[in-house]
Amino acid sequence: MTHPTYPRILLKLSGEALMGSGQFGIDAETMQFVAKEIKALQEAKVQTAIVVGGGNIFRGAGLVSAGINPVSADQMGMLATAMNALAIQDAVEKLDMRAHVLSAVPLGNSCEVYSHRLANDYLAQGDSVIFAAGTGNPFFTTDSAAALRAAEIQADLMIKATKVDGVYDSDPMKNPTAKRYNKLDYDSVIEQQLGVMDITAVVLARSHQIPLRVLDMQQSGAFVQAAYGENIGTLVS
C-alpha cells in the first residue's frame, strides 16, 4: 500500500451518528462499524484523532428554552461527549488496537486530561486519540472543538462523517433534486451558509489551511479512501 496523502487526520463524528436507526443512545452495531473503520485507518498507517459530539445522549437546546442556564446545559453536553468517547475507546480496544481518551475537563480516573503534547505523542506512536468535552468551555460546539484540535495537532485533513454523502445546495432529505458539490472553498461555504460546520469552525479551518472532507460515515472504507486522497464526498479547502 502506498503512503497516505494525509498521514494525520482529525475525524469528526456527531453523537447522532452513533444512534444508528435508533432515537437515543448508542447503537452497538453502529459502534462496532465505526471501530472497524478506525482500525482500518490505523492499519493503513494513518494517525487518527477523533472528536465526537454528544447529541445522542443530551441535547441542551430544549432545556435552555425551558429556562436552564445555558452554561450548565453546555457542561452537561460536555459530559455526554465523554461518554461517547469512552464507548469508542472500548470498541476500538476490543479490536486489539490502542486508543486514548483525552478530556478538555478533568474527569478523574475515567480519562486523561488533554494536552496537545500528549496527543501528539500518542499519535506519533500509532495510537488513536479521542478528544472529549469539546473545548472545555461553554458556547463552543464540537465542530469548533474539532477545528481547534485539528489545528493544535497539525492535522493534514479533517473528515466530517455524516449521514449524507457530501455537501448539497439544499437538504437532500427534503429535496430530491438537491445538487451535491464535489469541491468547495471555505469562503463559498460561509457566503452561501451551507451549514457544513459552524462558522467558528469554518474560519478556524480556513485560517490554518486545513482541508475538510465531508462524507457518508456508513460507507465502508470511506475514511481510508479520504486519507488516501480519493474523490469521495465533498472536499472543502
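Residues numbered from 1 in each chain as written. Predicted model: local features only at pLDDT ≥ 70, side-chain atom pairs only at ≥ 80, totals over all residues. Heavy atoms only, no water.

A. Quick look at the pattern of salt bridges. If you walk through the whole model with that rule in mind, you get eight salt bridges. A salt bridge links Asp143 to Lys160; the shortest N-O distance between them is 3.3 Å. In this pair, Asp143 sits in helix 5 (residues 142–152) while Lys160 sits in strand 6 (residues 157–162), placing the two residues 17 residues apart along the sequence. Just as Asp143 is buried, Lys160 falls in that class too. (Salt bridge = Lys/Arg side-chain N within 4 Å of Asp/Glu carboxyl O. Helix = DSSP H or I, 4+ residues; strand = E, 2+ residues; numbered from the N terminus. Buried < 20%, exposed > 50% of the residue type's maximum accessible area, 1.4 Å probe, protein only.)

B. Representation of the packing of helix 5 against helix 7 (residues 199–207). Where helix 5 meets helix 7, the closest approach of the two axes is 8 Å, and the angle between their N-to-C directions is 15°. Overall, the two elements helix 5 and helix 7 adopt an arrangement that is roughly parallel. Crossing handedness for the pair helix 5 and helix 7: left-handed. Within the contact between the two elements, helix 5 uses Asp143, Ser144, Ala147 and Leu148 and helix 7 uses Thr200, Ala201, Leu204 and Ala205. Of the residues contributing to the contact of helix 5 with helix 7, the split by class is five nonpolar, two polar and one charged. (Axes fitted to C-alpha atoms, helices over the stretch in contact; angles between N-to-C directions. Parallel < 35°, antiparallel > 145°, perpendicular 65-115°, else oblique. Left-handed = near helix turned anticlockwise from the far one by under 90°. Contact = heavy atoms within 4.5 Å. Nonpolar A, V, L, I, M, F, W, Y, C, P; charged D, E, K, R; others polar.)

C. Fine view of the packing of helix 1 (residues 28–43) against helix 3 (residues 70–93). Here helix 1 crosses helix 3 at 65°, and the two axes come no closer than 9 Å. Like other packed secondary-structure pairs, helix 1 and helix 3 cross with a definite hand, here right-handed. Of helix 3, the residues touching helix 1 (which contributes Met31, Ala35, Ile38 and Gln42) are Ala87, Ile88, Ala91 and Val92. When its residues are assigned to classes, the contact of helix 1 with helix 3 shows seven nonpolar, one polar and no charged.

D. The nonpolar core, seen in detail. Core analysis: the biggest nonpolar cluster contains 38 residues, and Ile9, Leu11, Leu13, Ile88, Ile159, Leu215 and Phe223 have the highest contact counts within it. Going through the elements one at a time, strand 1 (8–13), helix 1, strand 2 (47–52), helix 3, strand 3 (99–103), strand 5 (128–132), strand 6 and helix 8 (222–227) are the ones with two or more residues in this core. Look past the residues within four positions of Ile159 in its chain and what remains in contact with it is Ile9, Leu10, Leu11, Lys12, Leu212, Arg213, Leu215, Phe223 and Ala226. Listed in part, the 33 residues of the second largest apolar core include Ala49, Ile153, Met197 and Val236. (Core = buried A, V, L, I, M, F, W, Y, C linked by side-chain atoms within 4.5 Å.)

E. Seen up close, the packing of aromatic side chains. As enumerated under the stated definition, the model contains one aromatic pair in all. Judged by centre distance (5.4 Å) and plane angle (85°), the ring pair of Tyr114 and Phe131 falls under edge-to-face. With Tyr114 in the loop between strand 4 (112–113) and helix 4 (116–124) and Phe131 in strand 5, this pair connects stretches of sequence that are 17 residues apart. For Tyr114, a relative accessible area of 16% gives the class buried. On the basis of relative accessible area, Phe131 is assigned to the buried category, the value being 2%. Over the ring of Tyr114 we find Arg149, and its NZ or CZ is 3.8 Å from the ring centre. A cation over a ring is seen here: Arg149 above Phe131, with NZ or CZ 5.9 Å from the ring centre. (Phe/Tyr/Trp six-rings, centres within 6.5 Å; stacked < 30°, edge-to-face > 60°. Lys NZ or Arg CZ within 6 Å of the ring centre and 35° of its normal.)

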